Amino acid sequence: MVAAIARGNFHQVSSEIRRQDETRPVVVYLGCIEDQVDRRKNRRDKRKRERKRSSLRESVPPAKPIIYDAKRRDMSKLLEAYPEGADLFLVCEVHGGKPRPRVTWFLESQTIDAPSEIRETQGPGGETNVVTISNVTLKGLTRSHYHAKLFCKASNTHLAPPPTTAVIIELHMKPLKVEIMGKDKILSAGKKYETRCQSTGSKPPAVLTWWKASKQLKRTIKNFQEDGTSVSVLQWTPSIEDEGKFLVCRATNPKLQDAGIEERWKLKVHFAPVVALKMGSSLNPKNIKEGDDVYFECNVRANPRAYRLTWFHEEEELHYNVTAGIVLSDHSLVLQSITRESAGRYTCMAVNVEGRASSNVVNLEVMFAPVCKHVLNSAGWRYQNATPPPLNVPEEVHGALKHETISLVCEVDASPTSVSFHWTFNSSGDLSDIPSTKYSNEGTLSRLNYTPSSDMDYGTLGCWASNIVGPSKQPCIYQVIAAGRPYPLQNCTAYNQTGSRIRISCVEGYDGGLPQKFVAIVDKQRLESPNPYWELELHKPTTVALYAVNMKGSSDPVIMEGEALKGVAKFTGESTSSVDMSPILIGLGGTATGLGLIVTGVLMALWRKHAATPAKPKPPQQPSIATFATKGEEEDGNPDLIPTTALTNHFTDRKLLHYGSLPRRPRQLEGREISHDVIEDSDYPRASPNTFYSLQRPHRYSETAIRSAVIQESCI
């Protein structure tokens, strides 16, 4: 038991004591035992400290490791970032240490196997320095290495903590993902859009750029960071040319230029039709003439496809019509056997869901032989200020006195407009050419100044024109007849109607051989009428002037004074009278009218008899009131009938247009505006006041040779 106590084994002592007989007393000095144990423990500790001090005196700890890169840069003092995927090569150097230190690499808590070597160098004082070197290479840095700690430890004893140096791995990481938002939409050309692109995974944040068809877009772009995500918004307007192209969003790490990624969006752009019209390639636009076939081609570019194509000529829509020579097929228009009316501007229009568009204008020029234009007589232009102005009639009929020069204007439509003219004259069936010195040519117009000198100079003039296409099929016809100004109105009567309303009616006189119309001038107001009948509203005594007008000029006026218009008046010439109308007067008037018709019939019979007898042509004699009265008294003695004086106009063997015995305005002239021309002819017969002329003329000439025309006059 004593031995156990000496060894300090108190458990064994306790067991020995329990085995002793309880009746036998045992005395143990526990205090002494504890003191012995403490002394022994102290001796052991003292021996350990002595051995440690001896060991420390024998070993030398190494210096703190230094980590270099391949460029011998101290990486513990320099923060260097490495590209993702690159290899990391580091060198750990440990100076000194006894015994030789062991160099170990750790990545976080994982040991890395790395070789080491010892190098001895000579110091400046001749001493020998020992350097322990260990190299480590991390192949293909990945995102798991980002901000990881790499340790280098140098240990040569367990008695002291080994010196350690750490390096934090910094990485440049390429973008992981780039995405264009909303790329499934269909765009419309010409509309503005905002397109968003975002990228994640890049360190540092990625730079986003936009590209279209290998061309970078630099305007209207907004770049920003949103929750660690790089975002770019492009504001742009797609065009027609963008259809089928790619819009690209490219994400690039600014430190890794070759490690960018991109997203491509193939654009679907809808746009209104783009239409181009051209004439058929086999046609020469400068050599198209009447009778040719012409076709046009309408090229349409549209997305989606155009569902309607319409053709226009001079803004009027064309429809399929084989009878009219219009054939439409797909994108072509065919015009068969064109005429000069086919010339003009052609367009085509296409329609799709995006809108409609018209093509360019193609002008079709059609060459054709000259065709007569409708031209009015210009002979009276020098009388523009006459009152009232004369009446213009179509070119077909022209009235002229002997030795009076009239200007005949022949104007044609032709393409090309380089036209040559020649004139012909037809009288009595003989066709003769007019010398070129008598007329002038001005482009598509020719002017002939014609002066009839005898009865044989009245006839038909023809104007012929030709160009490179050919001659005109028909000449422009001008009939020259003997004609002059109309005679004054007769038996003008004014009737009071209600209040200030006045009705004036007259009997027309001889029309001068040309169509006439009638004009009333009231206080500088001009009132025209196809018949000698007017309804006026007069609020004060007014002078009314009444005229008959034809192409040659105006008749002498019939003046109705203002005082006479207060009651019912009948005017012949300039005299006025005021007679109350009554049934008796109306009966007398009817009787006088009947007698006048009888006298007219007798005169017609005499004229026919006279016309049937061949007579020698006489010079035209201007009628006068004195001549008519004298011959009437000498030949007949009848105070109510004055013999006629013949005015012979010889139109031998030619056809004339005639307007009837009592001239009326032809239907084709109704509503036609008259010009402001008057022919003043001092030799033209003028009617004296208060005289009525009954002009005897046949109703209709048949198309036979007319030898003479007799004008008979009687005074009632």
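Identification of the protein chain as Nephrin-like isoform X2 from Bombus vosnesenskii is taken from an unreviewed UniProt entry. For the protein chain, the Subcellular location (unreviewed entry) comment in UniProt is given as "Membrane".

So, the environment of L536
Counting through the fold element by element, L536 comes out in strand β42 (residues 533-537). Using a relative accessible area of 5% as the deciding quantity, one classes L536 as buried. Sequence separation between L536 and I502 is 34 residues, and the spatial gap between their C-alpha atoms is 5.1 Å.

Considering the state of the cysteines
For the coordinates displayed, the defined rule picks out six disulfides. Each sulfur of the disulfide joining C298 and C348 lies 2.1 Å from the other. For the disulfide bridge between C298 and C348, the dihedral angle about the S-S bond is near 80°, and by the sign convention the bridge is right-handed. Of this pair, C298 sits in strand β21 (residues 294-303) while C348 is found in strand β26 (residues 344-352), placing the two residues 50 residues apart along the sequence. Here C410 connects covalently by a disulfide to C463, the sulfurs 2.1 Å from one another. Because the sign of the S-S torsion sets the handedness, a value of about -85° for the bond joining C410 and C463 places this disulfide among the left-handed ones. Of the two residues, C410 is situated in strand β31 (residues 406-415) and C463 in strand β36 (residues 460-466); the sequence distance between them amounts to 53 residues. A single burial state applies to C410 and to C463, both of which are buried.

Description of the side chain of D69
Among the secondary structure elements, D69 is positioned in strand β1 (residues 66-69). In this structure the side chain of D69 is engaged in a polar contact, spanning 2.7 Å, whose partner is the side chain of R73. Those residues in contact with D69 that lie beyond four places of it in its chain are M75, Y82, F89 and L90.

Thoughts on the pattern of salt bridges
Scanning all chains against the criterion turns up 22 salt bridges. For E84, the salt bridge is made with R143, and the minimal N-O distance between the two is 3.6 Å. A residue pair is termed long-range when its members are at least 10 positions apart, and E84 in the loop between β2 (81-83) and β3 (88-95) and R143 in the loop between β7 (128-138) and β8 (149-155) qualify at 59 residues. What makes R143 partly exposed here is its relative accessible area of 27%. Through salt bridges with shared partners, a single network forms among D69, R73 and E80.

Re the sheet that holds β21
Ordered by their spatial adjacency, five strands build an open sheet running β12-β20-β21-β25-β24, and the pairing between neighbours is mixed. Pairing within the sheet leaves two strands with one partner each, and these edge strands are β12 (187-188) and β24 (326-329). Of the strand pairs in this sheet, β24 and strand β25 (residues 332-335) are connected by four bridges, and their pairing is antiparallel. Residue pairing for β25: I326 is matched across the bridge by L335.

Thresholds, definitions, all that
- Residues numbered from 1 in each chain as written.
- Predicted model: local features only at pLDDT ≥ 70, side-chain atom pairs only at ≥ 80, totals over all residues.
- Heavy atoms only, no water.
- UniProt positions renumbered as here; feature names shortened; annotations may be inferred.
- Helix = DSSP H or I, 4+ residues; strand = E, 2+ residues; numbered from the N terminus.
- Buried < 20%, exposed > 50% of the residue type's maximum accessible area, 1.4 Å probe, protein only.
- Disulfide = S-S within 2.5 Å.
- Polar contact = N/O pair within 3.5 Å; in protein donor to acceptor, adjacent residues only side chain to side chain.
- Contact = heavy atoms within 4.5 Å.
- Salt bridge = Lys/Arg side-chain N within 4 Å of Asp/Glu carboxyl O.
- Pairing = 2+ DSSP bridges.

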